[in-house]
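Geometric and topological summary
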Amino acid sequence: MSEVATTRTPAFEARLKKRYAAERRFRLAGLGAILFSVAVLVFLLGTMTFNGIGGFQRATLSVPVDFDQVGLSLPPGVSDTGAVSRALEGQGLPDLVQFSVERALGKQAAAELNSDAWRLVAEQVAEDPALLQGTHTFDLPVTENFASALAGDGHAELQPLARQLAAQEKLERSFDAGFLTRSDATDPQQVGIWGALKGSILTMIVTLALAFPIGVLAALYLEEYAPRNRWTDLIEVSINNLAAVPSIIFGLLGLALFLGVFPHMRSAPLIGGMTLALMTMPVIVIAGRNAIKAVPPSIRDGAMALGASPVQVVFHHVLPLALPGILTGTIIGMARALGETAPLLMIGMRAFVATPPDGFTNPATVLPVQIFLWSDEIDRGFVERTSAAIIVLLLFLLLMNGVAIYLRNKFEKKW
Amino acid sequence: MVTDSSSPDAKMRTRDVSVFYGAKQAVDSVSIDIHSEYVTAFIGPSGCGKSTFLRALNRMNDTIPSARVEGCIELDGEDIYRSSMDVVQLRARVGMVFQKPNPFPKSIYENIAYGPRIHGLAEGKQELDAIVEKSLRRAGLWDEVKDRLSDSGTALSGGQQQRLCIARAIAVQPEVILMDEPCSALDPIATARIEELIDELRGRYAIVIVTHSMQQAARVSQRTAFFHLGKMVEYGHTSDIFTNPREERTKDYITGRYG
Ligand SMILES: Nc1ncnc2c1ncn2[C@@H]1O[C@H](COP(=O)(O)OP(=O)(O)O)[C@@H](O)[C@H]1O
Ligand SMILES: [Mg+2]
């Protein structure tokens, strides 16, 4: 009977209590860790959004422009924005815009009109030529100084005017859709993120197109075909080390290797993508090998016993089962590549690029480099624009990971 | 030492087959004839080389880098280790069912259809459907799964999974089916179902079954080979082996003195 009683002794119950307490402590610690990470994330996103929201806005003057006064006209057949701008510039549109501000809001306000404001009018005319008749009101950007004055940040001499126009609702900050369609500029009121975003998209396409197939094939070969000997051990160690090499070294490699072969392609997404592919590939190889290793041998045996050839075993069974794991590695590698600045600086993607790249071989910059460049500027406008660019980068990252996770879940469900 | 082994109509014939893992010998000079009309059982204590020998019969040992096979193994009089032998074709003719049920993580239909598809056995969807149904019927699984062919094969019970694996092997119309302890992971009821199934399949295919259960060997087989320490000690009619073994070691094993 004494054996039954051992679970009822006070000593046993005390031990039991201790065990539950330890379990509770462990759970609390885990919960604390998660809460801490969430808090950091919320803080980061919160400050980013708070600071960055201003970067998506700009200060504009509400100005009526009377086109009938001068009688502008478009040459027949011209509809392209650039050509329209040139034609209207020749006919005196900049002066008309300047004069309209002066008449409506006074000389001092006209002096603070952004020198590129007339281009916005020209763009809208290009879309709707009927605007050239009658009087229409435009929201036109102001100078960086005046925008700062409106925000109450320096330029005390301009602040009374800014306050007065704001009270009349002639000057206000509004959403700047152009930020998402313009490219880099020297004036923070005129900059946009599209050039860098497009550069990032093109670079990522090159990276993915190179790193994914090469990484997966390398992983498959190493796991499925390569004999186990000193050479494959060496290759394995090299690949593991490659994944740990500081990214700037890859930039040097890209500089020496790719720019040596294609010297006229400085700053091109193609070169940037190839450089980042070098960096991403080892991550995919390592994740891919682990995913392939995790495929149960019994599945291979089953397929082989049915008479499947080695290639069929790999492509019908091993690869589909390993794909979710491979995709996870790809997400990690691509996310790292997207955020990478240093190697791209090495291959010249830090140049001032005012037009979005037309293709893989045009000079371009990418989001993180753009952020780096803007963060170096001292104008208040650039500070806000930098935060806005970071938000764009984070959204792009979220989108990319979302797609990869969607694909991963899709393949997981199928099996 | 071996009776009944040199009949000219044997489906598979092995002569002095030895298998090595590196320097370690796992199977030692085994000569045996396997007939289409019988179920042949391999019995013996674990580690005596039954699985190794079985895997030599459809060259599954090729996948183990250290494994080496010596001697001669013939299928219909042709050496299966000759260089011109196509392993893919050999494995289509000599199917295998494993100890642990290993259905592909695909639908039940796809599990069966996979083999016929890679070997081009069916022209069009209808023929493939017919093969799938016939194979599942033969494996006694049709009535249980006919309404959920698109469900995953891994969602079935252990016994159903093993019958699915047998159906999968049958679907490529093999001549020989090798089974390596097919019931060792199953409960008694599922085991009985598989044993019934083996009995139904007898005569259509040459069946070789490795088992550690002597009762099972006695129930399903007509020929039994007793292995011990890599050697085949005795081979003959199942009833003779169990009632009247000629070798002392066989007698010790079947009376439960070791194993
Ligand atoms: N892949 C392998 N590598 C090395 N030795 C093995 C391997 N598989 C089996 N063996 C050895 O070969 C011998 C026979 O094994 P096996 O054929 O599995 O026996 P059984 O199926 O009769 O239990 C055992 O001693 C086992 O340790
Ligand atoms: Mg075994």
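Attention in this report is confined to the structure presented alongside it.

Reading the values: the criteria
- Residues numbered from 1 in each chain as written.
- Chains lettered and ligands numbered in written order.
- Predicted model: local features only at pLDDT ≥ 70, side-chain atom pairs only at ≥ 80, totals over all residues.
- Heavy atoms only, no water.
- Helix = DSSP H or I, 4+ residues; strand = E, 2+ residues; numbered from the N terminus.
- Rg over C-alpha atoms; globule rule 2.2 N^0.38 Å.
- Buried < 20%, exposed > 50% of the residue type's maximum accessible area, 1.4 Å probe, protein only.
- Contact = heavy atoms within 4.5 Å.
- Areas by Shrake-Rupley, 256 points an atom, 1.4 Å probe, with all protein chains shown as cover.
- Lys, Arg positive; Asp, Glu negative; His and termini not counted.
- Charge placed at Lys NZ, Arg CZ, Asp CG, Glu CD.
- Pairing = 2+ DSSP bridges.
- Patch = residues over 30% accessible without salt bridge, like charges linked within 9 Å, V, L, I, M, F, W, Y side chains within 5 Å.
- Salt bridge = Lys/Arg side-chain N within 4 Å of Asp/Glu carboxyl O.
- Axes fitted to C-alpha atoms, helices over the stretch in contact; angles between N-to-C directions.
- Parallel < 35°, antiparallel > 145°, perpendicular 65-115°, else oblique.
- Left-handed = near helix turned anticlockwise from the far one by under 90°.
- Near = heavy atom within 4 Å.
- Polar contact = N/O pair within 3.5 Å; in protein donor to acceptor, adjacent residues only side chain to side chain.
- Nonpolar A, V, L, I, M, F, W, Y, C, P; charged D, E, K, R; others polar.
- Core = buried A, V, L, I, M, F, W, Y, C linked by side-chain atoms within 4.5 Å.

**Digging into the overall build of chain B**
For chain B, the helix and strand inventory stands at ten helices and ten strands. Taking 259 residues into account, the globule formula puts the C-alpha radius of gyration at 18 Å, and chain B, at 18 Å, falls close to it. In terms of overall dimensions, chain B has a C-alpha envelope of 55 × 45 × 35 Å along the principal axes. Residue burial in chain B is summarised as follows: out of 259 residues, 55% are buried. Sequence separation of 24 or more characterises 66% of the internal contacts of chain B that already satisfy a separation of 6 or more. Of the roughly 10800 Å² of accessible surface on chain B, a fraction of 47% belongs to carbon and sulfur atoms. Across chain B, 32 positive and 35 negative side-chain charges occur, with their mean positions spaced 3 Å apart.

**Remarks on the pairing of strand β1 (residues 12-21) of chain B**
Residues and elements named next belong to chain B. The sheet contact formed by β1 and strand β4 (residues 67-75) spans eight bridges and is antiparallel. Bridged to Arg-13 within β4 is Glu-74. Where β1 lies against strand β2 (residues 24-34), seven bridges are found, and the strand directions are antiparallel. Directly across from Met-12, in β2, lies its bridge partner Ile-34. Counting the residues between successive antiparallel strands, the hairpin from β1 to β2 contains two residues, one of them, Gly-22, with a positive phi of roughly 60 degrees.

**Some thoughts on a nonpolar patch on the surface**
All names here are of chain A. Side chains of Leu-217, Tyr-221, Tyr-225, Val-311 and Phe-315 sit close together on the surface and give an oily, nonpolar patch of about 510 Å² of accessible area. Every element with two or more residues in the nonpolar patch is listed here: α9 (194-225) and α14 (310-338). Among the elements that line the nonpolar patch, the one with the most residues is α9, at three residues. The topology assignment puts Val-311 in helix α14. The exposure class assigned to Val-311 is partly exposed, which follows from its relative accessible area of 47%.

**A look at the packing of α9 of chain A against α14 of chain A**
Residue and element names in this part refer to chain A. At their nearest, the axes of α9 and α14 sit 9 Å apart, and the two run at 140 degrees to each other. Here α9 is positioned oblique relative to α14, judged by the angle of their axes. Between α9 and α14 lies a crossing of right-handed hand. From α9, Ser-200, Met-204, Thr-207, Leu-208, Phe-212, Val-216, Leu-220, Glu-224 and Tyr-225 reach across to α14, where they touch Pro-310, Val-311, Val-314, Phe-315, Val-318, Leu-319, Ile-326, Leu-327, Thr-330, Met-334, Ala-337 and Leu-338.

**Looking at the side chain of Ser-200 of chain A**
All names here are of chain A. Topologically, Ser-200 is positioned in helix α9. A residue is classified by how much of its surface remains accessible, and Ser-200, at 2% relative accessible area, is buried. Residues within four places of Ser-200 in sequence aside, it is in contact with Leu-338, Thr-365, Val-366, Leu-367, Pro-368 and Phe-396.

**A few points about the sheet that holds β2 of chain B**
All names here are of chain B. Judged by pairing direction, the sheet is antiparallel, and its four strands sit side by side in the order β2-β1-β4-β5 without closing on themselves. At either end of the open sheet lies a strand with only one pairing partner, and these are β2 and β5 (78-79). Sitting on the sheet, helix α1 (residues 50-57) is in contact with β1, β2 and β4, with an inclination near 120 degrees to β1.

**Examining the site of ligand 1**
All names here are of chain B. In the vicinity of ligand 1, the contacting residues are Tyr-21, Lys-24, Ala-26, Ser-46, Gly-47, Cys-48, Gly-49, Lys-50, Ser-51, Thr-52 and Ile-64. A distance of 3.4 Å separates a nitrogen atom of ligand 1 from a polar atom in the side chain of Tyr-21. Here Gly-49 contributes a backbone N or O atom positioned 3.1 Å from an oxygen atom of ligand 1. In isolation ligand 1 exposes 550 Å². Once the protein is present, 63% of that is buried. Secondary-structure elements contributing two or more residues to the shell around ligand 1 are β2 and α1. When residues of the shell around ligand 1 are assigned to their parent elements, the largest contribution, three residues, is made by α1.

**Regarding the interface of chain A and chain B**
Listed per partner, the contact involves 17 residues of chain A and 22 residues of chain B. In this structure, the connection of chain A to chain B is made through zero salt bridges. If one sorts the elements of the side of chain A that touches chain B by residue count, helix α13 (residues 297-305) of chain A sits on top with seven residues. Considered class by class, the residues forming the side of chain A that touches chain B number eight nonpolar, seven polar and two charged.

**A look at the packing of helix α6 (residues 158-171) of chain B against helix α7 (residues 188-201) of chain B**
Helix-helix packing is described using two parameters, namely the angle between the two axes and the distance between the axes. All names here are of chain B. Remark: α6 packs on α7, axes separated minimally by 9 Å, with the N-to-C direction vectors making an angle of 20 degrees. The pairing of α6 with α7 is recorded here as roughly parallel in orientation. Handedness of the crossing formed by α6 with α7: right-handed. Together, Gly-159, Gln-162, Arg-163, Ile-166 and Ile-170 of α6 and Ala-190, Arg-193, Ile-194, Leu-197 and Leu-201 of α7 make up the contact between the two elements. Here the contact of α6 with α7 is composed, by residue class, of six nonpolar, two polar and two charged.

**Side note on the environment of Arg-86 of chain A**
Note that Arg-86 of chain A resides in helix α3 (residues 81-90). Taking the C-alpha atoms as reference points, Arg-86 of chain A and Gly-339 of chain A, 253 residues apart in sequence, are found 38 Å from one another.

**Comments concerning the nonpolar core**
Counting residues in hydrophobic clusters, the biggest one holds 62 residues, and the most contacted among them are Phe-42 and Phe-53 of chain B. At eight residues, α14 of chain A tops the list of elements feeding residues into this core. By size, the runner-up hydrophobic cluster in this structure holds 43 residues, among which are Ile-177, Leu-186, Leu-201 and Met-214 of chain B.

**Notes on the sheet that holds strand β7 (residues 176-180) of chain B**
Adjacent strands of a sheet form backbone hydrogen bonds with each other and so pair up, either parallel or antiparallel. Residue and element names in this part refer to chain B. Read from one edge of the open sheet, six strands run β6-β7-β8-β3-β9-β10, paired in mixed fashion. Both edges of this open sheet fall to β6 (94-97) and β10 (231-237), since each of them pairs with a single strand only. On average, each strand axis in the sheet is tilted by 15 degrees relative to the strand beside it, whichever way the strands run. The pairing of β7 with strand β8 (residues 206-210) spans five bridges and is classified as parallel. Each residue of the ladder has a partner; that of Ile-177, found in β8, is Ile-207. In this fold α1 packs onto β3 (39-43), β6, β7, β8 and β9 (223-228), with an angle of close to 155 degrees to the strand it touches most, β7. Along the sheet face, α6 touches β6 and β7 and points at about 170 degrees away from the line of β6.

**As for the pairing of β4 of chain B**
Residue and element names in this part refer to chain B. Note that β4 and β5 share two bridges and pair antiparallel. Within β5, the residue paired with Glu-74 across the bridge is Asp-79. The turn joining β4 and β5, which pair antiparallel and follow one another in sequence, is formed by two residues; a positive phi near 50 degrees is taken by Asp-76.

**Quick notes on the pattern of salt bridges**
In this structure the tally under the stated criterion is 31 salt bridges over all chains. Note that Glu-102 of chain A is salt-bridged to Lys-107 of chain A, the shortest N-O span being 3.4 Å. The exposure class assigned to Lys-107 of chain A is exposed, which follows from its relative accessible area of 63%. When the shortest N-O distance is used, the salt bridge between Glu-196 of chain B and Arg-193 of chain B registers 3.6 Å. In this pair, Glu-196 of chain B and Arg-193 of chain B are both assigned in helix α7, three residues apart and thus about one turn of the helix distant.

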